[in-house]
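The primary structure of each chain is shown beneath.
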Amino acid sequence: SVEMKREETMKRLSIVFALVVAALCVPLFTACAGGQKGTKYTIDAVYDDQARTLTAEMTLDFCNDTDNALTELRFHLFGNAYRQGAKYEPIAVQNRYKAYYDGINYGSMTVTGVSVGGEETAYTIGGEDENILIVPLGRELFPDEQATVEISFTVVLAKVNHRLGVGKNTVNFGNFYPVLCVYEAETGWIECNYYNVGDPFVSACADYDVSFTVPEGYEIAASGRAVNTSRGSGTRTFRYLLNNARDFAVVLGKELEVLTASAGGAEVNYYYFDDARAEENLKYAVQSVETFASLFGAYPYKTLAVVQADLLQGGMEYPGLVYISSDLQPAEIGEVIVHETAHQWWYAVVGSDPVNQAWQDEGLAEYSVVLFYENHPEYGLTREGLIETATRTYQSYCSVYDKIFGGVDTSMTRPLSVYSGEYEYVNVTYIKGCLMMDCLRIGIGDDRFFEGLQNYYAEFSGKIATAADLAGVYERLGCDTNSFFAGFLDGKVIL
């Protein structure tokens, strides 16, 4: 009958409606695996040395460990700073001739596709300098939910002696992939511009699974532990794993040689292409790991790669890997190795804000150099002598600026964007930061000073610490350090 057909039709429509509703209710996001919080990068990259290009596919498994629901993720595109017309150029004007060894040339970083949960999405490029990738998630990602974002990208490398670029001897891949911005509940996404002073990077810890394919003939150094190597047609692919790290970096070289030793339960590799004192410099790296592990806490990774690289700066730190500039004089290399290795504790494990509080990791790393030589008298450098030299250097800087500008700003809590150049930056963050830590040690005594550093390392491992956090570890030991730090940071203390 007509009534029965109508009833049957309504049943079918009800079933279809229920299926549609069920499909719509399938969650785009899932609960974080095992209830664990964190982020994982999986990167599959291929380098073409003839075109100087890196093509890559990246998958980000992001667990929302914030207290807020998020509707988008943001990523730094640091490689785009090397493009022509960039607002913030990574090389200061006075250093261009030295960095661009084959004349001014440019690179770029291009996103070629983005998907969320397997579905392509309309992304945008924003930020002050076309340096931020904005990925809409489609709906709110609630705390403890996980989203998977896939990004295809291409990097064109400039011929430049810098963190990211092709040098005469090495190909440097620092900050080569889209790096997830740090999210803060009060301020939102932290976006970093690529200033040419200091290290303009703020990043959170994550796990990495990176496969890097290179032409035959290249030696490769990387942040992580190599777990697999395979060969293709004229290529080799290396796979690396690294856990709980803020960055991942790679260096390639056709002439790289490697020396290996062990320290602190880790394999230490020294890669070099022109170093008559390679054995001695490997020893610096080994002793640095052992010394800092005993003073601060265990070395956090399974490997450390110390790499002689074509680099404008004296050195550059990444978790599990540090650059050592090939332009250094032989007598300078050891000290730079010590400083950059110290960053494995102060930056890699205990994070901070190098854009606005650069003294926090640089001052601690520089004072760690003092501690290293204090514990290794065989090198002929003493704590007293190093502090005296640092004091004279800092006082000379103050005198020069006072004569030229009629005054000197010695405050330490200022962003990279306001420093006039490397001279001011180094004196305020490295040298004054080092002197501040020595004054603190004198004021509270060795026992509480080192206990405080060990507590700081343990308490803020994997986190981003503030100046108040550093002062707080000493306050909890019964030291009145808030006014001490404030005096130095505000520029009121005269050295």
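Every value quoted in this text rests on a predicted model; they were computed, and no experiment measured them. (Residues numbered from 1 in each chain as written. Predicted model: local features only at pLDDT ≥ 70, side-chain atom pairs only at ≥ 80, totals over all residues. Heavy atoms only, no water.)

## Some words on the state of the cysteines
To keep it simple, the criterion reads: Put simply, a disulfide is two cysteine sulfurs that come within 2.5 Å. A helix here means a DSSP run of H or I that spans at least four residues, while a strand means a run of E at least two residues long, and both kinds are numbered starting from the N terminus. Each residue is placed in one exposure class: buried if its accessible area under a 1.4 Å probe, protein chains only, is under 20% of its type's maximum, exposed if it is over 50%, and partly exposed if it falls in between.
Applying the stated criterion to the full structure yields one disulfide. Disulfide pairing places C32 opposite C63 at an S-S distance of 1.8 Å. Disulfide C32 to C63: torsion about the S-S bond roughly 100°, handedness right-handed. With C32 in the loop between β1 (30-31) and β2 (39-48) and C63 in strand β3 (residues 53-63), this residue pair connects regions lying 31 residues apart in the sequence. When sorted by exposure, C32 lands in the same class as C63, which is buried. Just so you know, C181 is unpaired, no disulfide at all, and the nearest cysteine sulfur is the one on C192, 7.0 Å from it.

## Observations regarding the nonpolar core
The cut-off we apply is this: Only buried residues count toward a nonpolar core, which is a set of Ala, Val, Leu, Ile, Met, Phe, Trp, Tyr and Cys residues joined through side-chain atoms within 4.5 Å. Contacts between residues were defined by any pair of non-hydrogen atoms, one from each residue, lying within 4.5 Å.
Grouped together as the largest cluster of nonpolar side chains are 166 residues, with contacts concentrated most on Y41, L73, F173, Y177, F212, F248 and L252. Looking at this core element by element, the count peaks at 10 residues for helix α7 (residues 422-444). Excluding residues within four positions of it along the chain, F212 makes contact with A45, Y47, L54, F173, F176, I220, R236, T237, F238, V250 and L252.

## Comments concerning the side chain of Q344
Position of Q344 among the secondary structure elements: in the loop between α4 (330-342) and α5 (359-375). Exposure remark for Q344: the relative accessible area of 0% places this residue in the buried category. If we skip the residues at most four places from it in the chain, Q344 touches Y299, P300, Y301, L304, Y318, P319, G320, L321, V322 and V349.

## Some thoughts on the side chain of R414
In plain terms, the rule: In protein, a polar contact means a hydrogen-donor-capable atom and an acceptor-capable atom, both N or O and within 3.5 Å, with residues adjacent in sequence counting only if both atoms are side-chain atoms; elsewhere, any N or O pair within 3.5 Å suffices.
Along the chain, R414 falls in the loop between α6 (383-405) and α7. In this structure the side chain of R414 is engaged in a polar contact, spanning 2.8 Å, whose partner is the backbone oxygen of S411. If we skip the residues at most four places from it in the chain, R414 touches V355, N356, Y397, D409, Y419, E424 and V428.

## Focus: unusual backbone geometry
In this structure, R52 takes a positive phi of about 55° despite not being glycine. Here Y347, not a glycine, exhibits a phi torsion of approximately 140°, which is positive. Positionally, Y347 belongs in the loop between α4 and α5.

## Observations regarding the environment of V493
Its place among the elements puts V493 in the segment after α10 (482-490). Beyond its immediate sequence surroundings of up to four residues, V493 is in contact with G487 and F488.

## Considerations on a nonpolar patch on the surface
Which entries qualify depends on this criterion: Only residues above 30% relative accessible area that lack a salt bridge enter a patch, with like-charged residues linked at up to 9 Å and the nonpolar side chains Val, Leu, Ile, Met, Phe, Trp and Tyr linked at up to 5 Å. Per-residue and other accessible areas were derived by the Shrake-Rupley procedure at a 1.4 Å probe size, with only the shown protein chains allowed to occlude residues. A side-chain nitrogen of Lys or Arg and a carboxyl oxygen of Asp or Glu constitute a salt bridge if their distance falls within 4 Å.
A grouping of V400, I404, F405 and Y423 is seen on the molecular surface, where their side chains present a nonpolar patch of about 410 Å² in accessible area. With three residues, α6 is the largest single contributor of residues to the nonpolar patch. Here Y423 is to be found in helix α7.

## A look at the pattern of salt bridges
Scanning all chains against the criterion turns up 21 salt bridges. Close ionic contact of R236 with E216 constitutes a salt bridge, the shortest N to O distance being 3.9 Å. Of this pair, R236 sits in strand β18 (residues 235-245) while E216 sits in the loop between β15 (206-215) and β16 (219-222), and the two are 20 residues apart along the sequence. Its relative accessible area of 32% is what places E216 among the partly exposed residues. Salt bridges sharing partners connect three or more residues here, namely E72, R74 and E191.

## Re helix α8 (residues 446-459)
Let me state the cut-off plainly: What a helix is expected to span follows from its residue count: subtract one and scale by 1.5 Å. It is the directions from the helix axis to the C-beta atoms whose arc is reported.
Compared with the 20 Å implied by 1.5 Å per residue over 14 residues, the 20 Å span of α8 between its first and last C-alpha is a close match. Here α8 has its buried residues at F449, F450, G452, L453, Y456 and Y457. Looking straight down α8, one finds that the buried residues subtend no more than 150° of arc, so they occupy a single side. Turned more than 90 degrees from where α8 packs its buried face, D447 and A458 sit exposed. Where α8 is buried, its residues touch α3 (278-295), α5, α7 and α9 (467-475).

## Side note on the packing of α5 against α8
The condition is simple: Lines fitted to C-alpha atoms define the axes, with helix axes restricted to the stretch in contact, and inter-axis angles between N-to-C directions lie between 0 and 180 degrees. Throughout, the term roughly parallel applies to angles under 35 degrees, roughly antiparallel to angles over 145, roughly perpendicular to angles from 65 to 115, and oblique to all others. Left-handed is the label given to a crossing in which the near helix is rotated counterclockwise from the far helix by less than a right angle, and right-handed is the label when the rotation is clockwise.
Close contact between α5 and α8 brings their axes to 14 Å; oriented N to C, the two are set at 130°. It follows from the interaxial angle that α5 and α8 lie oblique. Seen from above, α5 lies across α8 with left-handed handedness. Residues Q360, L364, Y367 and L371 of α5 form the contact with α8, whose own contacting residues are F449, F450, L453 and Y456.

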